[in-house]
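Commentary on secondary and tertiary structure
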Amino acid sequence: MTLPEPKEWLLDEENELRIEIDFDTKVKLRLVTGTAEVFGTELGQNVDYEFSGRKIAVFTWHGCKILITGTCSVEYIANETPMLSYLNTHIALEQRRVLATQNNKAGPRVMIVGPNDVGKTSLSKMLLSYALRQSRQPIYVDLDCSEGSITMPGCLTATPLTEMIDVEEGFGSSATSAPTAGSAVMPLAYYYGFPSPKDNTKLYSLLLARLAQSVNRRLEEDEAARTSGIVIDTNGLIDATGYEIIAQCIKAFSIDVIIVLGHERLYADMTRLHQKSGVAVIKLAKSGGVVERDNAFRRQTQNQKIREYFYGTSKSELAPYSTMINYHDIEILQVGEGSLAPSSALPIGEDRKVSETHVVSVEPSENLLHSVLAVSNADKRVEPDILETNLAGFIYVSEIHDSRKKLTVLSPCPGRIPKKFWWLGSLKWAED
Ligand code: ADP
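Procedures and definitions
- Residues numbered from 1 in each chain as written.
- Predicted model: local features only at pLDDT ≥ 70, side-chain atom pairs only at ≥ 80, totals over all residues.
- Heavy atoms only, no water.
- UniProt positions renumbered as here; feature names shortened; annotations may be inferred.
- Helix = DSSP H or I, 4+ residues; strand = E, 2+ residues; numbered from the N terminus.
- Expected span 1.5 Å × (residues − 1).
- Buried < 20%, exposed > 50% of the residue type's maximum accessible area, 1.4 Å probe, protein only.
- Arc of directions from axis to C-beta.
- Near = heavy atom within 4 Å.
- Polar contact = N/O pair within 3.5 Å; in protein donor to acceptor, adjacent residues only side chain to side chain.
- Areas by Shrake-Rupley, 256 points an atom, 1.4 Å probe, with all protein chains shown as cover.
- Phe/Tyr/Trp six-rings, centres within 6.5 Å; stacked < 30°, edge-to-face > 60°.
- Lys NZ or Arg CZ within 6 Å of the ring centre and 35° of its normal.
- Core = buried A, V, L, I, M, F, W, Y, C linked by side-chain atoms within 4.5 Å.
- Contact = heavy atoms within 4.5 Å.

Within an unreviewed UniProt entry, the label attached to the protein chain reads Polynucleotide 5'-hydroxyl-kinase GRC3, and the organism entered is Linnemannia hyalina. The UniProt entry for the protein chain carries this comment under Sequence similarities (unreviewed entry): "Belongs to the Clp1 family. Clp1 subfamily." A UniProt comment under Subunit (unreviewed entry) is attached to the protein chain, and it reads "Component of a pre-mRNA cleavage factor complex. Interacts directly with PCF11."

**Some words on helix 1 (residues 83-103)**
In an α-helix, one turn spans 3.6 residues; hence positions three or four apart end up facing the same way. When the terminal C-alpha atoms of helix 1 are compared, their 30 Å separation across 21 residues agrees well with the 30 Å that a helix rising 1.5 Å per residue should span. Here helix 1 has its buried residues at M83, Y86, T89, H90, L93, E94, R97 and A100. Viewed end-on, helix 1 has its buried residues packed into an arc of 140 degrees, placing them on one side of the element. Along helix 1, exposed side chains directed more than 90 degrees from the buried face belong to Q95 and Q102. Among the residues trailing helix 1, N104 stands out with phi positive, at a value near 50 degrees.

**Digging into the site of the ligand**
Taken together, 17 residues sit near the ligand, with K55, K120, T121, S122 and R293 positioned nearest. The separation between an oxygen atom of the ligand and a polar main-chain atom of K120 is 2.9 Å. Coverage of the ligand by the protein chains reaches 93% of its 570 Å² of free accessible surface.

**Some details on the packing of aromatic side chains**
Throughout the structure, instances matching the rule amount to eight aromatic pairs. On the basis of an interplanar angle of 80 degrees and a centroid distance of 4.6 Å, the ring pair of F59 and W61 is categorised as edge-to-face. For the residue pair F59 and W61, the accessibility class agrees, reading buried in each case. Connected via pairs of aromatic rings, a cluster forms that spans Y191, Y309, F310, F394 and Y396. Here the basic side chain of K55 rests over the ring of F297, its NZ or CZ set 4.1 Å away from the ring centre. Just above the ring of Y311 sits the side chain of R307; from NZ or CZ to the centre is 4.8 Å.

**With respect to the nonpolar core**
Ranked by size, the top nonpolar core spans 58 residues in total, and within it F253, I258 and W423 carry the most contacts. Looking at this core element by element, the count peaks at eight residues for helix 3 (residues 201-221). Excluding anything up to four places from it in sequence, W423 contacts Y191, L333, Q334, V335, V359, L373, A374, S376, I386, L387 and L391. In terms of nonpolar packing, the next biggest core, distinct from the first, is built from 46 residues, I19, I56, M126 and L261 among them.

Set out below in structure tokens:
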């Protein structure tokens, strides 16, 4: 088979090459001359980067030549980008970090808000990458439970970053197969198990409060992280529930900078609601390159994430371990089953919210096949504490032997699964 001819792209200063690559295609990208970055991480010259199932921008401040080998579904150069305003925002945040270091105070605590698909995650990556490039050690907090840029979808996470975000793997590299694989950077993950904060708002805000507590403790103990600050990526919920969550978040994480991305009304509301309490509210434009992702694309991204958790990427492959487990050695738990019932169906006097954090046991059965379960670090089932216990990692149910009361699971770690309590959410994955 002959390899396709590489295509050459010449970019002037402050231009970006926007490319979209399908999931069943692989595309190689090489920076030949000049400098360029992908969401804040600099590309090395003459290094081949490989992408599949991604939508990215290769931006250059000073001009560059790029070679692309393979077929992109979309490829074009844009000369109008909001990158200068993003860089200026970074510079302002860095000034706060300098002051924080001089006075041994806390660095900026930034929260990025906006609707879905305006570039919140991409901007988080850029601001964090720019901070890392200046030898800062910020904490990345991901409250977008639909995506799971650090571990798996369904989680709320916090990750202290010390190394550059990988161009090919994104945040995934900051927490490869984490938390179980014992990578250098351990994300702290709490399991929510639903795609939207609206699905179980009580549980979501309980976990948000717990995560904030842990992050605040870490900031107290870790001077480099404290002066570097935090960047919080949020879900795209901007209705009344979304506003409540934003308000809770501002309080819990002592947010002092809100960045509103691509939404005038949200900016006006955030200014009205929060500026008087000393929070700086900044408006930034959405990049014309941000792509709306349909459900099929989101589902494929999710599958790719799950696959990479167990098998790694082509750059750093992992071999998952298969273990057979007796039904009676584990306890499978689910949250808030009662919340599915209409309020009218609840016993008189019972608050619907109570059922939203009610923990129920799930009998193992064939239904578990292909499920991805979150392994809790809890040793005992004490409620509600077990809800707020962080995760050891994830396992995938590859086989069910119901007649023998056993199941086979894949995990990224060797040996028996040391933890007994496994959370069941809505994640399923059919291994290909
Ligand atoms: P949000 O977090 O607001 O939902 P994302 O940052 O995840 O939005 O962006 C949505 C999609 O658009 C992602 O696939 C991202 O990689 C892509 N994207 C973001 N900025 C650009 C850009 N400038 N050029 C091309 N694709 C982009």
